[in-house]
Amino acid sequence: MNASHDTSAPDESGKGTVTGTGRITISVDAMGGDAGPATVVAGLSHYAKKHPEADFILHGPQATLDPLIARRKHLTGRCVVRDVPGVVTMEDKPSQVMRQSRDTSMFSALESVRAGEAHACVSCGNTGALMLLSVVRLRKLPGVYRPAIAVLWPSRNPQGFNVMLDGGADVKADERDLLQYALMGASYARNGLGLARPRVGLLNVGTEEFKGRTEMQAANELIAENAPAASFDYVGFVEGSDLPGERCDVIVTDGFTGNVALKTGEGVAKLFGDFLREAFRYSPLSRLASLLAYTSMQRLKKRIDPRRVNGGVFLGLNGTVVKSHGGADATGVAAAVKLAVQLAESNFADKLAARIAAATMLATEGGHDDKDGDRK
C-alpha cells in the first residue's frame, strides 16, 4: 500500500480494516468523473471541513493525488492513497471494463469495501461499469434478483425529498423485482431520510386499479400483501406528477421509466433556470427586480440545487455504493460523501440485508419461490 496520510492502521498485508476503529471510512474512486481528481479531492475537503467523523481511502495514481491532498489542510491525517494507474473512462463499455479493470481506480475502490477496509464506496465514474463491477465484486444480497439505483427527488414532503427507484440499473422489471424495489426503497427511506414508516407508491399510467400491464397488476398485489410485515404503507398506483408530490415517500418503477423520468426532470430544471435568468436580464427594471429578490432566489436555488442531493445508491449489494453524477463539482462530491457516511452510520447495508432475507422468506411461504425456479 502506498500512503500519503495513513490513518487506517494497515496490517502486514498492507490492508487496513474498519472493524473496531469507531470511525467511518469511505473508499473513493478519485479518478472517476468528468472534472478529474482535483474536484474529487476538493469535494472531500469540503465535506471534511465540517465533519470530523470520517476518513478516506483514495484510489488513483499516487503521484497525482498526493500533491492535491497536501494542499487541503482539512484532509491532513485523514487520507490513505492506493496507488492505481488505470482509469475507467465514460466511453468504456462495461464488457471491456470487466476484462481490463483490475488495475483501475474503480475496481480498487470497490475492493476496499469487499475487503472490509471501508464502509462504503463513492464514485463519479461510468455508471454501467460501476454497476457491473459492483455486482461482480460485492455480489448481490441473497434473494435479490436485480440491484437498483435509488435517487432522491425534490418534493413537497416534510423531508424535502422522495426516493425513486430504479433509476437505470436494469431496464426490465417484473412483479417480483418491483416488490424488492419497494422493500429496498422503504429501507433506504428509513435510514437515509429518517422516515419510520415510509409510504410507497407504484408508478403507473394511472391510479385506477385496472390500469397498467399485467406485471404491474401483479406487482400491485404483491406489494400490498408484503407491506404490513415490511413496516411500510402502500398507497397503490401513483402517476408522474406524484414524483415531487406529497402522496408517497418512495416511488417504485422499472429502470427504463425511472431513468427517463430522472433525465427529464434534470432537463426541465435546467430549462427553468435558464428561462428565469433570461427573464431577469430582459430589461433594466427586471435586473433591479433580480437584486431585490436575491435572497429569495438564493433560498430557492439552494432548495432545488441538484448538487446538494447528488448521489444514487446501488441497492441490493453486499456493500454500500454511492454513484455521484459524472459532472459533479466539489459541492456535488461532498453531498455524495455525506450520503455514504450517513448510510454507513445507520448500518444501512446490514439492515437492508435483513429486510430482504425476511421478505424472501415471506414470499416463499406465500407461494412465490426463487425467481429462476418455478412458482408453486
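Above this text is the structure in question.
Residues numbered from 1 in each chain as written. Predicted model: local features only at pLDDT ≥ 70, side-chain atom pairs only at ≥ 80, totals over all residues. Heavy atoms only, no water.

J.: Is there a simple way to explain unusual backbone geometry in this structure?
T.: A cis amide bond links L165 to the next residue, D166, at an omega of 10°. A positive phi angle, close to 70°, is found at R139, a residue other than glycine. In this structure, R139 sits in the loop between helix 5 (127-138) and strand 5 (148-154). With phi around 55°, N347 is a residue other than glycine that occupies positive phi space. Mapped onto the fold, N347 is located in the loop between helix 11 (330-345) and helix 12 (348-365). (Helix = DSSP H or I, 4+ residues; strand = E, 2+ residues; numbered from the N terminus.)

J.: Help me understand helix 1 (residues 37-50), please; the structure alone is not making it clear to me.
T.: An α-helical segment advances 3.6 residues per turn. Residues three or four places apart therefore align on the same side. Under the 1.5 Å per step criterion, the end-to-end length of helix 1 is 21 Å for 14 residues, consistent within 8% with the ideal 20 Å. Within helix 1, ten of the 14 residues are buried, which leaves it mostly tucked inside the rest of the structure. Taken as a whole, helix 1 has its buried residues at P37, T39, V40, V41, A42, G43, L44, S45, Y47 and A48. (Expected span 1.5 Å × (residues − 1). Buried < 20%, exposed > 50% of the residue type's maximum accessible area, 1.4 Å probe, protein only.)

J.: Explanation requested: the side chain of D55 in the structure shown.
T.: Looking at the element boundaries, D55 is found in strand 2 (residues 54-60). According to the relative accessible area criterion, D55 is buried, its value standing at 8%.

J.: For this particular structure, what's the right way to read the sheet that holds strand 8 (residues 233-238)?
T.: Two pairing modes exist for strands in a sheet, parallel and antiparallel, and in both the strands are linked by backbone hydrogen bonds. In spatial order, the strands read 3-2-1-4-11-10-5-6-9-7-8; together these eleven strands make up an open sheet with mixed pairing. Looking at the sheet topology across the chains shown, the edges are occupied by strand 3 (79-83) and strand 8. Strand-to-strand, the axes of this sheet are offset by a mean angle of 25°, without reference to chain direction. Of the strand pairs in this sheet, strand 7 (residues 199-203) and strand 9 (residues 250-252) are connected by three bridges, and their pairing is parallel. The partner of L202 across the bridge, within strand 9, is V252. In this fold helix 2 (residues 62-70) packs onto strand 2 and strand 3, with an angle of close to 165° to the strand it touches most, strand 3. On the sheet, helix 7 (residues 214-230) packs against strand 7 and strand 8 and is oriented at approximately 165° with respect to strand 8. (Pairing = 2+ DSSP bridges. Axes fitted to C-alpha atoms, helices over the stretch in contact; angles between N-to-C directions. Contact = heavy atoms within 4.5 Å.)

J.: Any chance you could explain the nonpolar core here in plain terms?
T.: Nonpolar side chains tend toward joint burial in soluble globular proteins. Core analysis: the largest hydrophobic core is formed by 70 residues, its most contacted members being F56, L165, Y188 and F232. Once you skip the residues sitting within four places of it in the chain, F232 turns out to touch A182, L183, A186, R197, P198, V200, I223 and A227. By size, the runner-up hydrophobic cluster in this structure holds 29 residues, among which are V113, L133, I149 and L262. (Core = buried A, V, L, I, M, F, W, Y, C linked by side-chain atoms within 4.5 Å.)

J.: So what exactly am I meant to see when it comes to the pattern of salt bridges here?
T.: Pairs may arise between side chains of opposite charge once their charged atoms sit close together. Scanning all chains against the criterion turns up eleven salt bridges. The shortest N-O distance in the salt bridge between R176 and D174 comes to 3.7 Å. Ionic pairing is found between R199 and D249, a salt bridge with its closest N-O pair at 3.0 Å. Of this pair, R199 sits in strand 7 while D249 sits in the loop between strand 8 and strand 9; the two residues are 50 residues apart in sequence, bridging distant segments of the chain. (Salt bridge = Lys/Arg side-chain N within 4 Å of Asp/Glu carboxyl O.)

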